[in-house]
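# Coordinates in review
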Amino acid sequence: VLATALTSVIYLASLSIKVGSARKAAGVPYPYAYAEKAEAEKDPKKNIFNCTQRAHQNTLEFFPIYITLLLMGGISHPIIATSSGAAWLIGRFIYVSGYTTGQPAKRIPGAAGQLSLLANLAASFHTVYRLLA
Ligand SMILES: *[C@@H]1O[C@H](CO)[C@@H](O)[C@H](O)[C@H]1NC(C)=O
C-alpha cells in the first residue's frame, strides 16, 4: 500500500514537470495558467500546454480523495487497496497520455480508472466500521 502511495506521489510530481516542459515549449509566460485563444491558431503547442495543464489539474483535484481512500482502505484491505490504487494509477497514465496529445477526447478511456476509487471507498468504510465495532 505504501509503495503504491509513494509511486503515486512520484507520478504526481512528474506531472508538474510535464506542465513546466509544455509551458516552455509553448512559450507561455508566468503567471498565465492557460494560453490565450488568439495565439492558439498560430501554435498547436499552446493547445498542448492547455491540455497538459488540465490533465495535471484534474489529477490534483482527485489526488486527495485517491490517497486518503488508498491509505484508509489499505488498513483493513491492503491487497484490494493496492490493486485498485494501481488500477487508478494506470488509468491516470492513460488519461494524461491521451489528454496531452492535444485532443481532449483521447483522455476518456483513462477516465474509466476513476471507477477504481469506489473499491477503496468501500474498503475505507469497512476500515471505519471495524474500528467502531
Ligand atoms: C487555453 O485555455 C484558456 C482558459 O480556459 C482559454 O481561454 C484559451 O482559449 C485556451 N487556449 C488554447 C490555445 O486552447
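Above this note sits the structure.
The rules we used
Residues numbered from 1 in each chain as written. Predicted model: local features only at pLDDT ≥ 70, side-chain atom pairs only at ≥ 80, totals over all residues. Heavy atoms only, no water. Helix = DSSP H or I, 4+ residues; strand = E, 2+ residues; numbered from the N terminus. Expected span 1.5 Å × (residues − 1). Contact = heavy atoms within 4.5 Å. Salt bridge = Lys/Arg side-chain N within 4 Å of Asp/Glu carboxyl O. Buried < 20%, exposed > 50% of the residue type's maximum accessible area, 1.4 Å probe, protein only. Core = buried A, V, L, I, M, F, W, Y, C linked by side-chain atoms within 4.5 Å. Axes fitted to C-alpha atoms, helices over the stretch in contact; angles between N-to-C directions. Parallel < 35°, antiparallel > 145°, perpendicular 65-115°, else oblique. Polar contact = N/O pair within 3.5 Å; in protein donor to acceptor, adjacent residues only side chain to side chain.

Turning to helix α6 (residues 116–132), a few remarks are in order. Its 17 residues give α6 an end-to-end C-alpha distance of 25 Å, which sits within 8% of 24 Å, the value for a rise of 1.5 Å per residue. Against the buried residues of α6 lie α3 (44–76) and α4 (78–99).

Okay, the pattern of salt bridges next. The tally for this structure, following the rule as stated, stands at 2 salt bridges. One salt bridge in this structure joins D43 and K46, with 3.7 Å as the shortest N-O distance. According to the relative accessible area criterion, K46 is buried, its value standing at 10%. Between R54 and E61 there is a salt bridge; the shortest N-O distance is 3.2 Å. Note on R54: relative accessible area 27%, which makes it partly exposed. Residue classification places E61 among the partly exposed positions, given a relative accessible area of 42%.

Of all hydrophobic cores here, the largest spans 17 residues; its most connected members are F63, Y66, I67, L70, W88 and V96. Elements represented by at least two residues in this core include exactly α1 (2–26), α3 and α4. Non-local contacts of Y66, meaning those with residues more than four positions away in its chain, are made with T4, S8, G85, W88 and L117. Counting residues in each nonpolar core, the second largest holds 6 residues, with V19, A26, A35 and F49 among its members.

Tracing the backbone through its elements, the reader meets T59 in helix α3. Look at T59 and you get buried, because its relative accessible area is 1%.

On to the packing of α3 against α4. At a minimum axis separation of 9 Å, α3 and α4 run at an interaxial angle of 175°. On the basis of the axis angle, α3 is roughly antiparallel to α4. Note on element contacts: α4 touches α3 through P78, A81, T82, G85, W88, R92, Y95, V96 and Y99, opposite C51, R54, A55, N58, T59, F62, F63, Y66, L70, G73, G74 and S76.

All right, on to α4 then. The terminal C-alpha atoms of α4 lie 31 Å apart, and with 22 residues this matches the ideal 32 Å at 1.5 Å per residue to within 8%. Here α4 has its buried residues at A81, S84, G85, W88, L89, G91, R92, Y95, V96, G98 and Y99. Looking at the buried positions of α4, the neighbouring elements they touch are α1, α3, α5 (108–111) and α6.

Position of S84 among the secondary structure elements: in helix α4. Those residues within four positions of S84 in sequence are excluded, and the remaining contacts are S116, A119 and N120. Reaching out from S84, the side chain makes a polar contact with the side chain of N120 at a distance of 2.9 Å.

Examined against the element boundaries, S124 turns out to sit in helix α6. Judged by its relative accessible area of 3%, S124 is buried. Sequence-distant contacts of S124, that is, excluding residues within four places in its chain, are made with L69, M72 and G73.

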